[in-house]
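Descriptive structure summary
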Amino acid sequence: MTDNAWTRWPSREALGRAGISRPRRMLAWAVRLLVLALLLWAAFSQRHVGIWEALAAAAAVLLAGVVSWAFFRTTYQHRLVPSLALMSVLLAIAVAAEATGFRGPALLIWCGCGISALERLPLAVALPVTSVALASYSAFNNDVWLTTAATVAGMALAGYVLRLDAEARGNAQRLLAQERAARVAEAESAALAERARIAREIHDVLAHSLSAQLVHLEAARLLIENGADRDRILERVVAARGMARDGLAETRQALSALRGELTPLEEFLSELVTGTDGAEVTVTGERRPLSAEASQAVRRVAQEALTNVRKHAQGAKVQLRLDYCDHEVTLNVRDSGGLPGELTRSGGGYGLLGMRERAELLGGSLDAGPDEEGFVVTLKVPV
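All values reported here derive from a predicted model rather than from experimental measurement. (Residues numbered from 1 in each chain as written. Predicted model: local features only at pLDDT ≥ 70, side-chain atom pairs only at ≥ 80, totals over all residues. Heavy atoms only, no water.)

Within the protein chain one finds 11 helices and five strands. Looking at the protein chain alone, contacts between residues at least 24 apart form 69% of all its contacts between residues at least 6 apart. Accessible area of the protein chain: about 21700 Å², with a carbon and sulfur share of 61%. (Helix = DSSP H or I, 4+ residues; strand = E, 2+ residues; numbered from the N terminus. Contact = heavy atoms within 4.5 Å. Areas by Shrake-Rupley, 256 points an atom, 1.4 Å probe, with all protein chains shown as cover.)

As structure tokens, this is what we get:
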């Protein structure tokens with residue numbers, strides 16, 4: 001069958017009990033118990049029926065209850081043939097009840113079959129079943145034709161309204177499940193993004209720190225190979241130890257930054273050039289707070305650029321310029337050029353390639369290359 005309004009089953013969310021309030025569930029059970037009580041009362045209240053006939057009628061009522069429960073289960077599982085077979089059993093019980101003089105239970109079962117078929121079966125199947133059940137009710141009901149017609153129309157309308165109500169509840173349950181799944185996926189995505197962010201920060205800090213340490217350790221190795229005096233070698237080793245200590249401090253600072261505990265960017269850049277001869281920091285534009293990711297990108301690029309100057313242009317003067325524009329912040333690191341150091345091939349560390357990737361993740365850009373005098377690194381990050 002094609003999936004359309006006539007052949008489509010009501011959803012399992014609509015046929016199930018999820019989303020039904022507790023008072024409504026209690027009301028539904030009260031109605032079922034009332035119907036069962038009426039059927040049993042009708043079975044035992046017939047004056048011309050003996051005890052054995054009444055007991056047989058009661059057994060038939062209980063059988064109808066069990067078959068109804070099974071019908072609810074098979075329709076929930078969208079099993080058409082078993083559902084129709086169980087509905088046929090209910091209609092047969094009603095016919096047998098009418099044939100043996102139990103008209104009240106028969107009429108009640110026919111009404112229930114008509115309403116339940118419209119509520120729980122595909123419309124293409126429900127309409128014939130409902131028509132048979134309500135036609136049987138009309139044929140054996142003793143009321144005037146106008147009352148019978150109004151009752152039949154009311155029951156058909158009730159069955160369809162119950163179907164629409166169940167479908168609305170099922171749609172609400174599906175939307176709720178989708179929203180919960182979306183929230184779970186969003187939380188997982190946010191957790192993965194946060195992990196990636198932490199890993200990136202720690203990686204950048206360690207890469208910069210280890211690269212700086214490698215510069216001094218490599219210098220110490222070359223000094224030892226060239227037979228330099230002890231003081232010069234010790235100076236390099238102490239510098240490497242200082243870089244290790246600074247790396248730990250920067251790691252703690254990065255973790256603090258991830259928690260939103262960032263020191264002002266201008267203060268960080270000023271501290272960064274402290275101890276570097278010929279380095280100065282200039283800040284222009286209206287200062288404004290940056291996001292943690294943008295601020296960290298500026299800091300890491302400044303660190304990497306200064307490290308490269310120490311490695312590749314010893315003795316060069318460095319100018320760090322931080323410009324706050326309307327929609328972006330720009331960091332420009334320019335050196336005046338210098339003699340290539342003996343540590344030029346000592347290792348590239350994380351490098352400007354990683355900084356360019358970081359900038360692109362933020363929607364910015366990073367350009368690096370020689371100019372007329374030395375080397376220029378320009379970072380642009382949207383605010």
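The full count for this structure, using the stated rule, is five salt bridges. As a salt-bridge pair, Glu225 and Arg221 come within 2.4 Å of each other at their nearest N and O atoms. Highlighted residues: Glu225 and Arg221, both in helix 7 (residues 145–225), separated by four residues, approximately one helical turn. Owing to a relative accessible area of 54%, Glu225 belongs among the exposed residues under this scheme. What makes Arg221 partly exposed here is its relative accessible area of 37%. A salt bridge links Asp323 to Arg321; the shortest N-O distance between them is 3.1 Å. A residue is classified by how much of its surface remains accessible, and Asp323, at 16% relative accessible area, is buried. Residue Arg321 is classed as partly exposed on the basis of its relative accessible area of 39%. Taken together, the shared-partner salt bridges in this structure form one network comprising Glu218, Arg221 and Glu225. (Salt bridge = Lys/Arg side-chain N within 4 Å of Asp/Glu carboxyl O. Buried < 20%, exposed > 50% of the residue type's maximum accessible area, 1.4 Å probe, protein only.)

Of all hydrophobic cores here, the largest spans 31 residues; its most connected members are Met87, Ile109, Trp110, Cys113, Leu121 and Tyr137. Every element with two or more residues in this core is listed here: helix 3 (51–76), helix 4 (80–99), helix 5 (103–120), helix 6 (123–140) and helix 7. Discounting residues that sit within four places of it in the chain, Leu121 has contacts with Trp9, Pro10, Phe71, Thr75, Ser83, Leu84, Ser116, Ala126 and Arg163. Counting residues in hydrophobic clusters, the runner-up holds 29 residues, among them Leu269, Ala305, Tyr324 and Leu331. (Core = buried A, V, L, I, M, F, W, Y, C linked by side-chain atoms within 4.5 Å.)

Side chains of Val144, Trp145 and Leu146 sit close together on the surface and give an oily, nonpolar patch of about 400 Å² of accessible area. Inspection of the secondary structure puts Leu146 in helix 7. With relative accessibility at 56%, the residue Leu146 sits in the exposed group. (Patch = residues over 30% accessible without salt bridge, like charges linked within 9 Å, V, L, I, M, F, W, Y side chains within 5 Å.)

Another aspect to go through is the sheet that holds strand 3 (residues 328–335). Spatial strand order, 1-2-3-5-4: five strands in an open sheet with mixed pairing. Each edge of the open sheet carries a strand with a single partner, namely strand 1 (279–284) and strand 4 (365–370). Across this sheet, the average inter-strand angle for adjacent strands is 10°, counted without regard to direction. With seven bridges connecting them, strand 3 and strand 5 (residues 375–382) associate as antiparallel partners. When the sheet's bridge partners are listed, Val329 is paired in strand 5 with Val381. Most of the contacts of helix 9 (residues 265–273) go to strand 2 (residues 318–324), to which it runs at about 175°, and overall it touches strand 1, strand 2 and strand 3. (Pairing = 2+ DSSP bridges. Axes fitted to C-alpha atoms, helices over the stretch in contact; angles between N-to-C directions.)

Applying the stated criterion to the full structure yields zero disulfides. A disulfide-free cysteine, Cys111 has its sulfur positioned 9.3 Å from the sulfur of Cys113, the nearest such atom. Judged by its relative accessible area of 11%, Cys111 falls in the buried class. (Disulfide = S-S within 2.5 Å.)

For the rest of this paragraph, the subject is the packing of helix 4 against helix 6. For the pair helix 4 and helix 6, the least separation of the axes is 12 Å and the interaxial angle reads 5°. When the interaxial angle is binned, helix 4 and helix 6 end up roughly parallel. Where helix 4 abuts helix 6, its residues Leu80, Leu84, Met87, Leu91 and Glu98 lie against Val125, Val129, Val132, Ala133 and Phe140. Classifying every residue of the contact of helix 4 with helix 6 by side-chain character gives nine nonpolar, no polar and one charged. (Parallel < 35°, antiparallel > 145°, perpendicular 65-115°, else oblique. Nonpolar A, V, L, I, M, F, W, Y, C, P; charged D, E, K, R; others polar.)

With that out of the way, let us pick up the pairing of strand 5. Alignment of strand 4 against strand 5, held across six bridges, turns out to be antiparallel. In the sheet register, Gly369 faces strand 5, and the bridge partner there is Val376. If you look at the hairpin formed by strand 4 and strand 5, you'll find four residues sitting between the two strands.

Here the focus is the packing of aromatic side chains. The full count for this structure, using the stated rule, is two aromatic pairs. Consider the rings of Phe71 and Phe72, whose centres lie 6.3 Å apart with planes at 80°: the pair is edge-to-face. Judged by its relative accessible area of 29%, Phe72 is partly exposed. Relative to Phe140, the ring of Trp110 lies with its centre 5.5 Å away and its plane at 15°, an arrangement referred to as stacked. (Phe/Tyr/Trp six-rings, centres within 6.5 Å; stacked < 30°, edge-to-face > 60°.)

Residues spaced three or four apart along an α-helix point in a common direction, a consequence of the helix completing one turn every 3.6 residues. Taking 1.5 Å of rise per residue, the 18 residues of helix 6 would be expected to cover 26 Å, and the 25 Å separating its terminal C-alpha atoms lies within 8% of that figure. If you check which residues of helix 6 are buried, you get Leu123, Val125, Ala126, Val129, Thr130, Ala133, Leu134, Ser136 and Tyr137. The buried residues of helix 6 occupy one face: seen down the axis, they fall within an arc of 155°. (Expected span 1.5 Å × (residues − 1). Arc of directions from axis to C-beta.)

Before going further, it helps to spend a moment on the side chain of Thr378. For Thr378, the location among the structural elements is in strand 5. In this structure the side chain of Thr378 is engaged in a polar contact, spanning 3.0 Å, whose partner is the side chain of Asn332. Setting aside its immediate chain neighbours within four residues, Thr378 contacts Thr330, Leu331, Asn332, Ser365, Leu366 and Asp367. (Polar contact = N/O pair within 3.5 Å; in protein donor to acceptor, adjacent residues only side chain to side chain.)

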